[in-house]
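Remarks on the overall topology
Here is what each chain is made of, one letter per residue.
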Amino acid sequence: MKKTLTLLGLFSFAILFAQTATNLTEFKENIASQKAEAKTQLKPYRFDGSKVTYFNFKTYKQVKEVEIYLFNNTDYRFSFNGKSLPNDITIEIYDKDKTQGDRILLKTIDGLQGKNVLVESSELNDTYRAAKNSKGRLKRVFVDYIITPVPGAVNKKPTMKERGAVVLVMGYKN
Amino acid sequence: MKKSKLAYKLFTLSAAFLMLSCGGENHDETNEVNVVDTAGTGSDENFEDLFESPEIDYHLPSPLQVASIFKKSGLSYNSDATSKPDLVENYTTELNQMLNFGVYSADMAYCVLNEQSNEGRKYLQVITDLAEKIGMEAVFENKDLMERFDTNIEDKDSIEVLMIDIHERTEMYMDENDMQHQQAVHFAGAWTEGMYLGVYDFENNPEKDGVGTQIAEQMSILGNIIKGLADPKNDGMDIEWLIADMGSIENTFNEFESVNNYYEDPDAEELVLTTVEYNTLSELIKTLRTKITNG
């Protein structure tokens, strides 16, 4: 009896491990193709790099933030790919990080799930100047991924259907 | 004996299940994949790492973008300014190899953007050699990069596209192999070299305000480079001196009066340091660059 239980336990582990590996491979392959798609959308801007933000949907709201530098005399394009999102999220772009109470909301993107969305630094600068009523420009931006709560999500034991990622590819005008 | 027979049977059955599962086309998405509770193996921990990015993250610009910005600001090509490729033999520790991988990447970008392709080719060769030493030979293993470089050596645009490909391959390789923490080390080398090339040109041509402004602007990245270097996964590399030196540069810069005035003025578009401030910053950068390139 003891041996049978051990055997069953090991079987379960093997199945679980194999399934995890398969799902992981599939997930990574999808990310790679989404990165390629997002990169294509950058043109004619020059590719500068990418940042994949991974997360697990939980029963409560989460925020993940990515800081991006904007240098003088350079225009940037950001390509967001949401095709690895099992649920929708909101993207908010700010001039300061999330600890700053006086930060300015420059752009909100809803409905990213299943899509590729482009944002350019020129529109963010226009919003910034209008809000500040100044001639200044953005030296960096903070991209906040607002990960919406999912009722029934298993917070401590995430499943593949609760895992998500946003692919962000950045480009600059040469 | 009984025990070993049982172990053999279990191994065979588990392997059979693994093969069946890996080869299957149907992936039931409702299957719970408990990567936390099946932990206890390194691979499961890696799965969990992959699926949960840090709450606060950042993107550092590529060496090509930094070189491009400096060039647009008026930076001239100075053939004596770059680090000599033959110094590569001196880099025997992992930290030196990674830092100088970054230094040579910045030098290559600088040469290519200034249409010095033959010089750029030398840097591609040393980058390839260093990549092999720091476990990234896969990025360069097909030799196609060098062939493409040689084929397009007269075509600046094609060489720039090739540099972007190298950057993308490196980024992908590091992501896939959980080496992101090392990116900050490469970048620390690239940043120091980029700043040094700016300082070198500005010292000889102080009328180039654009270069001076760009040196000041690139300082904004330093805080995140230091954070990246301080990642506990970099602990085994004797990296403390580098963090201390870069921290000292950042603190000195932040205490400059021009810097404080700049951040207090919402209309300020450019940060311009005084001559004394530039000289102080330049000396710190040159000292750090010498430490890195001397190995």
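Owing to the predicted nature of the structure, the values given are computational and were not obtained by experimental measurement.

Brief notes about the overall build of chain B
Scanning chain B for helices and strands turns up 14 helices and 1 strand. Per-residue burial over chain B gives 49% buried out of 295 residues. For chain B, the proportion of contacts with a sequence separation of at least 24, taken over those separated by at least 6, is 74%. Of the roughly 14000 Å² of accessible surface on chain B, 50% is carried by carbon and sulfur atoms.

Here's the deal with the confidence of the model for chain B
Any residue range with low pLDDT should be treated as having predicted coordinates unsuitable for detailed reading. Residues and elements named next belong to chain B. Confidence in the prediction of chain B, expressed as mean pLDDT, is 83, and 83% of residues score 70 or more. For chain B, helix H1 (residues 2-23) is the element with the lowest average pLDDT, namely 42, and helix H12 (residues 240-254) is the one with the highest, namely 97. Reported for the predicted complex are a pTM of 0.82 and an ipTM of 0.88.

Some remarks on the pairing of strand S1 (residues 46-56) of chain A
Residue and element names in this part refer to chain A. With 11 of 11 residues buried, S1 lies mostly within the body of the structure. Sheet topology note: the S1/strand S8 (residues 163-172) ladder contains 10 bridges and is antiparallel. The partner of Gly49 across the bridge, within S8, is Met170.

Side note on the sheet that holds S1(A)
Taken together, 4 strands build an open sheet; the order of strands is S1-S8-S3-S6 (chain A) and the sheet is antiparallel. Here the strands that pair on one side only, and so sit at the sheet edges, are S1 and strand S6 (116-120) of chain A. The average angle at which neighbouring strand axes cross in this sheet is 20 degrees, direction not considered. In terms of strand pairing, strand S3 (residues 76-84) of chain A meets S8(A) through 7 bridges, oriented antiparallel. Of the residues in S8(A), the one forming a bridge with A:Tyr76 is A:Tyr172. Each of S1, S3 and S8 of chain A touches helix H3 (residues 63-72) of chain B; the most contacted strand, S8(A), lies at about 30 degrees to it.

Side note on the environment of A:Ile109
Residue and element names in this part refer to chain A. When you line up the elements, Ile109 lands in strand S5 (residues 105-109). Note: C-alpha distance between Ile109 and Val119 (10 residues apart in sequence) is 9.4 Å. When neighbours within four sequence positions are excluded, Ile109 is seen to be in contact with Phe80, Ile89, Thr90, Ile91, Val117 and Val119.

Examining the pattern of salt bridges
Taken as a whole, this structure holds 26 salt bridges over all chains when the rule is applied. A:Arg137 is the salt-bridge partner of B:Glu217, the closest N and O atoms lying 2.5 Å from each other. With B:Glu217 in helix H10 (residues 209-218) and A:Arg137 in the loop between helix H2 (121-132) and strand S7 (140-147), this residue pair bridges two chains. Take B:Glu217 and A:Arg137: they sit in the same class, and that class is buried. Taking the shortest distance from any N to any O, the salt bridge between B:Lys122 and B:Glu119 comes out at 2.9 Å. One end of the pair, B:Lys122, and the other, B:Glu119, are both in helix H5 (residues 117-133), 3 residues apart, so they sit about a helical turn from each other. Its relative accessible area of 44% is what places B:Lys122 among the partly exposed residues.

Points about the packing of helix H4 (residues 94-113) of chain B against helix H8 (residues 156-176) of chain B
Residues and elements named next belong to chain B. Where H4 contacts H8, the two axes come as close as 10 Å, and the packing angle between them is 160 degrees. Classed by the angle they form, the pair H4 and H8 counts as roughly antiparallel. Read as a crossing pair, H4 and H8 show a hand that is left-handed. Counted together, Ser105, Met108, Ala109, Val112 and Leu113 of H4 and Lys156, Ile159, Glu160, Met163 and Ile166 of H8 form the full contact between these two elements. Residues of the contact of H4 with H8, tallied by class, amount to 7 nonpolar, 1 polar and 2 charged.

Description of unusual backbone geometry
Cis geometry marks the peptide bond from A:Lys43 to A:Pro44; its omega dihedral reads 10 degrees. Here A:Pro44 is to be found in the loop between helix H1 (2-40) and S1. One non-glycine residue, B:Glu115, adopts positive backbone phi at about 55 degrees. Looking at where B:Glu115 falls in the secondary structure, it is placed in the loop between H4 and H5.

Focus on the side chain of A:Arg163
In this structure, A:Arg163 sits in strand S8. In this structure the side chain of A:Arg163 is engaged in a polar contact, spanning 2.6 Å, whose partner is the side chain of A:Asn56.

Re the environment of B:Lys72
With respect to the secondary-structure elements, B:Lys72 resides in helix H3. In this structure B:Lys72 comes out as partly exposed when scored by relative accessible area, which is 43%. The spatial distance from the C-alpha of B:Lys72 to the C-alpha of B:Gly210 is 8.4 Å, given a sequence separation of 138 residues. Residues within four places of B:Lys72 in sequence aside, it is in contact with A:Asn73, A:Thr74 and A:Lys173.

What counts, and at which threshold
Residues numbered from 1 in each chain as written. Chains lettered and ligands numbered in written order. Predicted model: local features only at pLDDT ≥ 70, side-chain atom pairs only at ≥ 80, totals over all residues. Heavy atoms only, no water. Helix = DSSP H or I, 4+ residues; strand = E, 2+ residues; numbered from the N terminus. Buried < 20%, exposed > 50% of the residue type's maximum accessible area, 1.4 Å probe, protein only. Contact = heavy atoms within 4.5 Å. Areas by Shrake-Rupley, 256 points an atom, 1.4 Å probe, with all protein chains shown as cover. pLDDT = per-residue confidence, 0-100. Pairing = 2+ DSSP bridges. Axes fitted to C-alpha atoms, helices over the stretch in contact; angles between N-to-C directions. Salt bridge = Lys/Arg side-chain N within 4 Å of Asp/Glu carboxyl O. Parallel < 35°, antiparallel > 145°, perpendicular 65-115°, else oblique. Left-handed = near helix turned anticlockwise from the far one by under 90°. Nonpolar A, V, L, I, M, F, W, Y, C, P; charged D, E, K, R; others polar. Polar contact = N/O pair within 3.5 Å; in protein donor to acceptor, adjacent residues only side chain to side chain.

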